[in-house]
Amino acid sequence: TAALDRLIACAELLSDDELAVEFRRRRELNLKGLELLKAPSGKHFVRSRDPDGTLHGVPGQDRYGYFETSPNIDAVAFRIVDDEDAETIMAAIDDMDEELRPNIFLLPNGDAGNGVGYDDMLCGSGHQCGGIFEYGHWVNGGVWSTVEGRAFLAYFRTGRYD
């Protein structure tokens, strides 16, 4: 959706109205699809949705009960959501501050329970997969400076500079 925003701006810059209309149409389809990726609480986006409707990334859920940071930070940072939704998403992140920011950096995901991080990797949970897939390593609860950089944008957008 953020990429389509940039493509719309480029089409407008080139005075290509037909292309701008097509990019706007596709953006609207994306936004409709994003509604299917909201958590039941409506406070944040989930990581994914299975064909049967099972959501991955809903804290407190028996399976897949982790929080996925990237789609939420990105939705705020890249202005995919309006200001009200941006504030709601950031408040959800604030509520999980101790879990998502145990040190100075924001983690890419929270824990599904019992220190496993993700419990939906192809090899299983962080414990089952082991090595770099254990929670707190690499992508599964590790630190990614790119997430932190986008988080800065989201924090500034919502007035959280301190």
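Residues numbered from 1 in each chain as written. Predicted model: local features only at pLDDT ≥ 70, side-chain atom pairs only at ≥ 80, totals over all residues. Heavy atoms only, no water.

Below, the discussion takes up the nonpolar core. The nonpolar side chains of a soluble globular protein tend to be buried, and buried together. Ile73, Val76, Val81, Ile89, Met90, Ile93 and Leu106 are the most contacted members of the largest nonpolar core, which has 21 residues in total. The element best represented in this core is helix α4 (residues 83-95), accounting for 5 residues. If we skip the residues at most four places from it in the chain, Val76 touches Val81, Ala86, Ile89, Met90, Ala154, Arg157 and Thr158. (Core = buried A, V, L, I, M, F, W, Y, C linked by side-chain atoms within 4.5 Å. Buried < 20%, exposed > 50% of the residue type's maximum accessible area, 1.4 Å probe, protein only. Helix = DSSP H or I, 4+ residues; strand = E, 2+ residues; numbered from the N terminus. Contact = heavy atoms within 4.5 Å.)

Turning next to helix α1 (residues 2-13). Its 12 residues place the ends of α1 17 Å apart at the C-alpha level, agreeing with the 16 Å of an ideal helix rising 1.5 Å per residue. Structurally, α1 contributes buried residues whose contacts are with α2 (17-34). Following α1 by one or two positions, Ser15 adopts a phi angle in the positive range, close to 60 degrees. (Expected span 1.5 Å × (residues − 1).)

A word on the packing of helix α3 (residues 69-77) against α4. Their axes nearest at 9 Å, the elements α3 and α4 cross at an angle of 145 degrees. Once α3 is placed against α4, the crossing between them reads as left-handed. For the pair formed by α3 and α4, the contact residues are Asn72, Ile73, Ala75 and Val76 on the first element and Ala86, Ile89, Met90 and Ile93 on the second. The residue makeup of the contact of α3 with α4, split by class, is 7 nonpolar, 1 polar and no charged. (Axes fitted to C-alpha atoms, helices over the stretch in contact; angles between N-to-C directions. Left-handed = near helix turned anticlockwise from the far one by under 90°. Nonpolar A, V, L, I, M, F, W, Y, C, P; charged D, E, K, R; others polar.)

The next thing to look at is the state of the cysteines. Counted by the stated rule, this structure contains 1 disulfide. Between the sulfur atoms of Cys123 and its disulfide partner Cys129 the distance amounts to 1.8 Å. One quick way to see it: the torsion about the S-S bond of Cys123 and Cys129 is about 110 degrees, and its sign makes the bridge right-handed. Judged by its relative accessible area of 41%, Cys123 is partly exposed. (Disulfide = S-S within 2.5 Å.)

On the surface, Ile132, Phe133, Trp138 and Trp144 cluster together to form a nonpolar patch covering roughly 400 Å² of accessible area. Among the secondary structure elements, Ile132 is positioned in the loop between α6 (126-129) and α7 (145-157). (Patch = residues over 30% accessible without salt bridge, like charges linked within 9 Å, V, L, I, M, F, W, Y side chains within 5 Å. Areas by Shrake-Rupley, 256 points an atom, 1.4 Å probe, with all protein chains shown as cover. Salt bridge = Lys/Arg side-chain N within 4 Å of Asp/Glu carboxyl O.)

If you walk through the whole model with that rule in mind, you get 4 aromatic pairs. Ring plane angle 50 degrees and centroid distance 6.5 Å describe the contact between Trp138 and Trp144, whose orientation is recorded as tilted. On the basis of relative accessibility, which here comes to 46%, the residue Trp138 falls in the partly exposed class. When the ring centre of Tyr118 is taken as reference, the NZ or CZ atom of Arg47 above it lies at 4.0 Å. (Phe/Tyr/Trp six-rings, centres within 6.5 Å; stacked < 30°, edge-to-face > 60°. Lys NZ or Arg CZ within 6 Å of the ring centre and 35° of its normal.)

Inspection of the secondary structure puts Gly131 in the loop between α6 and α7. Spatially, the C-alpha atom of Gly131 lies 30 Å from that of Leu37, the residues being 94 residues apart in sequence.

A positive phi angle, near 60 degrees, is found at Tyr64, a position not held by glycine. Relative to the assigned elements, Tyr64 resides in the loop between β2 (55-56) and α3. Tyr64 sits in the buried class, given a relative accessible area of 11%. The phi dihedral of Arg79 falls on the positive side, at around 60 degrees, and the residue is not glycine.

Structurally, Asn109 can be placed in the loop between α5 (97-100) and α6. Among the polar contacts made by the side chain of Asn109, one reaches the side chain of Asn140 at a distance of 3.2 Å. Excluding its chain neighbours within four sequence positions, the residues that come into contact with Asn109 are Phe67, Glu68, Thr69, Leu100, Gly117, Tyr118, Tyr135, Val139, Asn140 and Gly141. (Polar contact = N/O pair within 3.5 Å; in protein donor to acceptor, adjacent residues only side chain to side chain.)

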